[in-house]
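Residue strings, one per chain:
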Amino acid sequence: MSYPIIDMHCDLLSYLARIPGANPYAKGEIACAIPWLQAGKVRMQILAIYTDVKPESMSLATRQAHIFSELLEKNENDLAYADAEFLQNWDKQNCVGIKASVENAAGFGNESASWNEIYSQFDAILQKVKSLAYISLTHHTENRFGGGNYTKGIGLKDDGKKLLDYMAGKSIPIDLSHTSDLLAEGILNHIDSNTLDIPVIASHSNFREIWNHPRNLTDEFAKEIIHRGGIIGVNFLRAFLDPEVPERLFEHILRGFELGGEKSICFGADYFYTKDFGDPARFPFYFPLVENAGKYPSLIESMEDKLSAADLEGLAYRNSLEFYRKIQS
């Protein structure tokens, strides 16, 4: 059985912003190039605005927001903005629907930015990309908002609380994929103690119970996301699955179902430009099973003996689709 796909995370925008001569159609350069998305029947793709924690983070985020807008303008035969109308008329779509997200809130405010500058940057990016599929406060490292997943003992800072307060009520989920455990705990506590209207997701995370890595969710946080009606996108990177065992991907997916996530588990492949990556031990980044977005049909087929048709449909697109229909209604 073949299904359309929703994928919650790729880094096409940062590739186009950073690499000279970058081309969104270059299949040999990045695993989420537009032809790969089309071959994999990806009907909706979230494009992350990614920045590191650097003085130029805000300008790089602005550049990626403009690239997102340009992609829609220049490729209208292949791409469409995944707005509420796109989601409601899901079965009639022929283009790949795209939405932007922010991976690392340093893109809203570098370490020296004033709050007037942060609010202005937030509003400008949101206006340029029309809506945000989610925001993660951090990436791997610490910033002014909190601790990333490779930091220990650093939770939600006062600036993080202030940014959450500004997000509230805007139909923008908070993403726990790159938080430290202490930051994830702080985010959930701040939302609850202030009754903030903020959905909670993990856009591209696996399960620590299957592979013990700080990028992966504990069962406790996974259950909390599920309990709150959020979604969890399974990540395809070898490092977060088990670098030696391709079949571990299936175990991560099935773990999500075991935890009660039959309405929450989805895909968050995390395809990005790898050719300038400094650590040779990470290559290849993906197993052949999922080496590019064109592999989705064969991946679904390989799971037909592991999940029911209804659960496969949920995993492929239905869970993500219903989540975004719900928060955008």
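Before reading on, note that the structure itself is shown above.
Summarised in this report is the structure supplied together with it. (Residues numbered from 1 in each chain as written. Predicted model: local features only at pLDDT ≥ 70, side-chain atom pairs only at ≥ 80, totals over all residues. Heavy atoms only, no water.)

The next thing to look at is the pairing of strand β1 (residues 5-10). Of all six residues that make up β1, six are buried, and the element is covered over most of its length. One ladder, built from four bridges, connects β1 with strand β2 (residues 42-50); its direction is parallel. Paired with Asp7 across the two strands is Gln45, which belongs to β2. (Buried < 20%, exposed > 50% of the residue type's maximum accessible area, 1.4 Å probe, protein only. Helix = DSSP H or I, 4+ residues; strand = E, 2+ residues; numbered from the N terminus. Pairing = 2+ DSSP bridges.)

Now for the pattern of salt bridges. Under the definition given, this model contains 17 salt bridges. Residue Arg18 pairs with Asp276 through a salt bridge whose shortest N-O separation is 3.1 Å. Of the two residues, Arg18 sits in helix α1 (residues 12-18) while Asp276 sits in the loop between β9 (265-267) and α11 (296-302), which places them 258 residues apart along the sequence. According to the relative accessible area criterion, Arg18 is partly exposed, its value standing at 40%. For Asp276, a relative accessible area of 42% gives the class partly exposed. Each member of the salt-bridge network shares a partner with another, and the members are Glu313, Arg318, Glu322 and Arg325. (Salt bridge = Lys/Arg side-chain N within 4 Å of Asp/Glu carboxyl O.)

The next subject is helix α8 (residues 219-227). If you check which residues of α8 are buried, you get Asp219, Phe221, Ala222, Ile225 and Ile226. All buried residues of α8 project into a common sector of 165 degrees when viewed along the axis, lining one side. Seen from the buried face of α8, the exposed residues on the opposite side, beyond 90 degrees, are Glu220 and His227. Each element contacted by the buried residues of α8 is listed here: α7 (181-193), β7 (200-201), β8 (232-234) and α10 (248-258). Phi turns positive one or two residues past the end of α8, at Gly229, with a value near 80 degrees. (Arc of directions from axis to C-beta. Contact = heavy atoms within 4.5 Å.)

For strand β4 (residues 96-103), the buried fraction is high: eight of the eight residues fall into the buried class. Of the two faces of β4, the one holding Val96, Ile98, Ala100 and Val102 and the one holding Gly97, Lys99, Ser101 and Glu103 are both buried throughout. Relative to β4, β2 runs parallel, the two sharing seven bridges. Paired with Ile49 across the bridge in β4 is Val102. Relative to β4, strand β3 (residues 79-81) is paired through three bridges, and the arrangement is parallel. Looking across to β4, one finds that Leu79 is bridged to Val96. With three bridges connecting them, β4 and strand β5 (residues 132-136) associate as parallel partners. By the bridge assignment for β5, Glu103 is matched with Ser136.

This paragraph deals with unusual backbone geometry. With an omega of -15 degrees, the peptide bond running from Phe283 to Pro284 counts as cis. On the secondary structure map, Pro284 appears in the loop between β9 and α11. Its identity is not glycine, yet Asn104 carries a phi of approximately 95 degrees, on the positive side. Along the chain, Asn104 falls in the loop between β4 and α5 (115-129). For Asn104, a relative accessible area of 1% translates into the label buried.

This part is about the state of the cysteines. Applying the stated rule across the entire model yields zero disulfides. No disulfide involves Cys95; its sulfur sits 16 Å from the nearest other cysteine sulfur, which is in Cys10. Of all cysteine sulfurs in the structure, the one in Cys10 sits closest to Cys266, which takes part in no disulfide; the separation is 14 Å. (Disulfide = S-S within 2.5 Å.)

With 13 residues, α7 extends 18 Å between its outermost C-alpha atoms, agreeing within 8% with the 18 Å of an ideal straight helix rising 1.5 Å per residue. Every buried residue of α7 is listed here: Leu183, Ala184, Gly186, Ile187, Leu188, His190 and Ile191. If you follow the buried residues of α7, they end up packed against α6 (158-167), β6 (174-175), β7 and α8. (Expected span 1.5 Å × (residues − 1).)

Here Glu29 lies in the loop between α1 and α2 (34-39). In this view, Glu29 contacts Tyr15, Tyr273 and Lys275; residues no more than four positions away in its chain are not counted.

By themselves these figures say nothing about function.
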